[in-house]
Amino acid sequence: MSAPFAKAIARYKAEDVSGAIAALDPLLRSGKPLPFEVLLLAAQCFTKAEL
């Protein structure tokens, strides 16, 4: 598990959705294929976020 992903999970569990999105940002912008877990957490964050 990568450090940004672990940080995002911790922030998401602490109800800090914007912090979780910020932690996932480097992974999402990397252009590399992402594991399902990362995509699922990103989807949950963006669904829960008040945009």
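Going by the structure above, here's the rest.
Residues numbered from 1 in each chain as written. Predicted model: local features only at pLDDT ≥ 70, side-chain atom pairs only at ≥ 80, totals over all residues. Heavy atoms only, no water.

Draft legend 1. Region of interest: the packing of helix α2 (residues 17–29) against helix α3 (residues 36–48). Orientation of α2 relative to α3, taken along the N-to-C sense of each, is 140 degrees, at an axis distance of 10 Å. Considering the angle they form, α2 stands oblique to α3. Between α2 and α3 lies a crossing whose hand is left-handed. Every residue of α3 that contacts α2 at V17, A20, I21, L24, L27 and L28 is listed here: V38, L41, A42, C45, F46 and K48. Split by residue class, the contact of α2 with α3 holds 11 nonpolar, no polar and one charged. (Axes fitted to C-alpha atoms, helices over the stretch in contact; angles between N-to-C directions. Helix = DSSP H or I, 4+ residues; strand = E, 2+ residues; numbered from the N terminus. Parallel < 35°, antiparallel > 145°, perpendicular 65-115°, else oblique. Left-handed = near helix turned anticlockwise from the far one by under 90°. Contact = heavy atoms within 4.5 Å. Nonpolar A, V, L, I, M, F, W, Y, C, P; charged D, E, K, R; others polar.)

Draft legend 2. Examining a nonpolar patch on the surface more closely. On the surface, L28, L39 and F46 cluster together into a nonpolar patch covering about 250 Å² of accessible area. By secondary structure assignment, the location of F46 is in helix α3. We classify F46 as partly exposed; its relative accessible area is 39%. (Patch = residues over 30% accessible without salt bridge, like charges linked within 9 Å, V, L, I, M, F, W, Y side chains within 5 Å. Areas by Shrake-Rupley, 256 points an atom, 1.4 Å probe, with all protein chains shown as cover. Salt bridge = Lys/Arg side-chain N within 4 Å of Asp/Glu carboxyl O. Buried < 20%, exposed > 50% of the residue type's maximum accessible area, 1.4 Å probe, protein only.)

Draft legend 3. The arrangement of the pattern of salt bridges in detail. Across all of its chains, the model carries two salt bridges by this definition. One salt bridge connects E15 with K48, and the closest N-O pair in it is separated by 3.2 Å. Taken together, the residues E15 in the loop between α1 (3–13) and α2 and K48 in helix α3 connect sequence positions 33 residues apart. Its relative accessible area of 38% is what places K48 among the partly exposed residues. With its nearest N and O atoms 2.7 Å apart, the salt bridge here joins D25 to R29. With a gap of four residues between them, D25 and R29 both fall in helix α2, about one helical turn apart. By relative accessible area, D25 is classed as partly exposed at 32%. What makes R29 exposed here is its relative accessible area of 66%.

Draft legend 4. Broad picture of the nonpolar core. Judged by nonpolar contacts, the single largest core of 13 residues is most densely connected at F5, L24, L41 and C45. At the level of elements, α1, α2 and α3 are the ones that each hand at least two residues to this core. Here this core gets six residues from one element, more than from any other, and that element is α2. Other than its neighbours up to four places away in sequence, L41 contacts F5, A8, I9, Y12 and L24. (Core = buried A, V, L, I, M, F, W, Y, C linked by side-chain atoms within 4.5 Å.)

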